[in-house]
Amino acid sequence: MKRKVASVGKLRLSPNEETMLLKEEYERRRKLRLQQVREQQKYIALEIRQKVKQRREEQVHRLEEALKAEWQKAQDQKMKALEKLYLSSLRAIGEGHRQAKENEPDLEALAKQAE
């Protein structure tokens, strides 16, 4: 009986069973490899999306800075024009009175002429 038990432990697989086991192992490895490739693709796609998002944010930031600088320049130009206008108005305040005095008719001369 001991011989039968010893020989039972060393059973060999039939060629069909061996082929089936090899095929199952091949499929298992194939699935594992596909899974690894899919994980790599997910990671690569995530990196690409992050890079695109970062690039877009940088472009928006540069555009924002450019527009802000352009707006500030326009505001400065408007301010300078208004300052010039204000200063010219301040200089011209008394000008109207002076011109009116110069063009004012001499009432005494007109009165003498009328006599």
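Residues numbered from 1 in each chain as written. Predicted model: local features only at pLDDT ≥ 70, side-chain atom pairs only at ≥ 80, totals over all residues. Heavy atoms only, no water.

Per-residue confidence for the protein chain averages 87 on the pLDDT scale, and 90% of its residues sit at or above 70. Least confident of the elements in the protein chain is helix 1 (residues 2–8), whose mean pLDDT is 53; most confident is helix 2 (residues 15–91), at 96. (pLDDT = per-residue confidence, 0-100. Helix = DSSP H or I, 4+ residues; strand = E, 2+ residues; numbered from the N terminus.)

What follows is about the pattern of salt bridges. Enumeration according to the criterion identifies 4 salt bridges in this entry. For the salt bridge of R28 with E25, the shortest nitrogen-to-oxygen distance reads 2.7 Å. Of the two residues, R28 and E25 are both situated in helix 2; the distance of 3 residues between them amounts to about one turn of the helix. In this structure E25 comes out as partly exposed when scored by relative accessible area, which is 29%. In this structure, the salt-bridge partner of E39 is K42, at a minimum N-O distance of 4.0 Å. Separated by 3 residues within a single helix, E39 and K42 lie in helix 2, roughly one turn from each other. K42 gets classed as exposed once you look at its relative accessible area, which sits at 56%. (Salt bridge = Lys/Arg side-chain N within 4 Å of Asp/Glu carboxyl O. Buried < 20%, exposed > 50% of the residue type's maximum accessible area, 1.4 Å probe, protein only.)

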